[in-house]
Amino acid sequence: MDIQLIQFEDYLRNEKKLAGNSISAYIKDIKELKSELLNHGVNDLAEATSADIVAYILQLKQSGKSASTVNRKLASIRAYYKYLTGEGIIQVNPAVELKTPRIKRQEVEYLEIAEVDKLLTMPLDSTSGIRDSAIMELFYATGIRATELISADVEDINLRMGFITCDGEFGKARIIPIGRIAKAALEKYIFDEREAIIARNAPHKPAVAHEKALFLNYNGGRITRQSLWKMLKTYGEKAGIEKKISPQILRNSFAVHMLHNGADLKSLQELMGHEDITSTQIYMSATKNRI
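Bear in mind that the values here come from a model prediction, so they are computed numbers and not experimental data.

Draft legend 1. Representation of the overall build of the chain in the model. Check the secondary structure of the chain and you find 13 helices and three strands. Within the chain, buried positions represent 43% of all 291 residues. For the chain, the centre of its 40 positive side-chain charges and the centre of its 37 negative side-chain charges are spaced 3 Å apart.

Below, the structure written as structure tokens:
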């Protein structure tokens, strides 16, 4: 990796405070751009022109890349050249005038309130059922992402004040209220069943006693994405809901029901952790359909 990319990576980590996976995606995108420009005789990214960048974007489109993929790569390119301009390495930003491809919006799939109510009654009053109930109540009460829920630690939950702290996709922490019902479900899980899981596993797995994860599996480790999806699918089928139950549909349901109940778009954007409000605006279509 050349010195400019190394310095850009440091900038993303230390100044922009981005998460590791976001930094890796940015660097990967810039490396792909560099490789392609080299094939066309541009030996230094700092020497690229607007025409070079436009040609690269057109090539991505012609190769069948989706608009969302092109937009992500374009965001990386913009960030890189904005950094070079800010550092005085280049005087003219070749990416500043590039337009974002329009993404065809699909209809948002969400659950009606009656469907949510039925889904949330499915878990039994058992160790796994109490945990699963807390998971689904937290999903619906906060609209957090699956990754955020899986990576949540016990210390991220403040039961006394009633909120959860999430790091989010862009390294920006946000605080989300969890509501009375979700709070009660979490209290029951954390103080009863979570402690029981630890007590059962700690004698032969000492590390379990120090496990920070909020949601544990049967063996005392952090739950996985696969087990989370399987659990939601099982409860959806049990409830007789025809829609495919997933973390995203619960996140969508949270957002749509918030708007139905009078939440403003800016507040919802902050709760959802969207970097761009256009990502939040897709939920307005469901509200318009309802009206």
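Draft legend 2. Inspection of the sheet that holds strand S3 (residues 174-177) at higher detail. Ordered in space as S1-S2-S3, the three strands form an open sheet in which the pairing is antiparallel. Looking along the sheet, the strands with just one partner apiece sit at the ends: strand S1 (157-158) and S3. Relative to S3, strand S2 (residues 163-166) is paired through four bridges, and the arrangement is antiparallel. Counterpart to Phe163 in the pairing with S3 is Pro177.

Draft legend 3. Examining the pattern of salt bridges more closely. A full pass over the atoms with the stated rule returns 13 salt bridges. Residues Arg13 and Asp10 are paired through a salt bridge, measuring 3.7 Å at the closest nitrogen-oxygen approach. Of the two residues, Arg13 and Asp10 are both situated in helix H1 (residues 3-14); the distance of three residues between them amounts to about one turn of the helix. Note on Asp10: relative accessible area 34%, which makes it partly exposed. Ionic pairing is found between Glu148 and Arg174, a salt bridge with its closest N-O pair at 2.8 Å. In this pair, Glu148 is assigned in helix H7 (residues 146-151) and Arg174 in strand S3, connecting sequence segments 26 residues apart. A residue is classified by how much of its surface remains accessible, and Arg174, at 8% relative accessible area, is buried.

Draft legend 4. View of the side chain of Thr142. Along the chain, Thr142 turns up in helix H6 (residues 127-142). According to the relative accessible area criterion, Thr142 is buried, its value standing at 0%. Here Leu138 takes part through its backbone oxygen, which lies 2.6 Å from a polar atom of the side chain of Thr142. When residues no more than four places from it in sequence are discounted, the contact partners of Thr142 are Ile164, Ile176, Pro177, Ile178, Phe254 and Leu271.

Draft legend 5. Here's a closer look at the side chain of Ser246. Counting through the fold element by element, Ser246 comes out in the loop between helix H9 (225-238) and helix H10 (247-260). Apart from the residues lying within four places of it in its own chain, the contact partners of Ser246 are Trp229 and Leu232.

Draft legend 6. Just the nonpolar core, in detail. Counting residues in hydrophobic clusters, the biggest one holds 55 residues, and the most contacted among them are Leu138, Phe139, Leu149, Ile164, Leu186, Phe215 and Leu228. For this core, the elements supplying multiple residues, two or more each, are helix H5 (113-120), H6, H7, S2, helix H8 (180-201), H9, H10 and helix H11 (265-272). Of the residues forming this core, the biggest block, seven residues, is contributed by H8. Among all residues touching Leu228, those that are not within four sequence positions of it are Ile135, Phe139, Ala146, Leu149, Ile150, Ile223 and Pro247. Ile23, Leu45, Tyr56 and Tyr83 belong to the second-largest nonpolar core, a separate cluster that totals 29 residues.

Draft legend 7. Inspection of the pairing of S2 at higher detail. Because side chains alternate across S2, one face comprises the buried residues Ile164 and Cys166, and the other comprises Phe163 and Thr165, none of which is buried. Both S1 and S2 contribute to a ladder of two bridges, which runs antiparallel. Across the sheet, residue Asn158 finds its bridge partner in S2, namely Phe163. Here S1 hands over to S2 after four residues, with Gly162 in that stretch at a positive phi of 80°.

Draft legend 8. Quick peek at the packing of H6 against H10. Direction vectors running N to C along H6 and H10 enclose 40°, while the axes themselves pass 7 Å from each other. By the angle between their directions, the pair H6 and H10 is classed as oblique. Seen from H6, the contacting residues are Phe139, Tyr140, Ala141 and Thr142; seen from H10, they are Pro247, Leu250, Ser253, Phe254 and His257. Residue classes in the contact of H6 with H10 are distributed as six nonpolar, three polar and no charged.

Criteria and thresholds
Residues numbered from 1 in each chain as written. Predicted model: local features only at pLDDT ≥ 70, side-chain atom pairs only at ≥ 80, totals over all residues. Heavy atoms only, no water. Helix = DSSP H or I, 4+ residues; strand = E, 2+ residues; numbered from the N terminus. Buried < 20%, exposed > 50% of the residue type's maximum accessible area, 1.4 Å probe, protein only. Lys, Arg positive; Asp, Glu negative; His and termini not counted. Charge placed at Lys NZ, Arg CZ, Asp CG, Glu CD. Pairing = 2+ DSSP bridges. Salt bridge = Lys/Arg side-chain N within 4 Å of Asp/Glu carboxyl O. Polar contact = N/O pair within 3.5 Å; in protein donor to acceptor, adjacent residues only side chain to side chain. Contact = heavy atoms within 4.5 Å. Core = buried A, V, L, I, M, F, W, Y, C linked by side-chain atoms within 4.5 Å. Axes fitted to C-alpha atoms, helices over the stretch in contact; angles between N-to-C directions. Parallel < 35°, antiparallel > 145°, perpendicular 65-115°, else oblique. Nonpolar A, V, L, I, M, F, W, Y, C, P; charged D, E, K, R; others polar.

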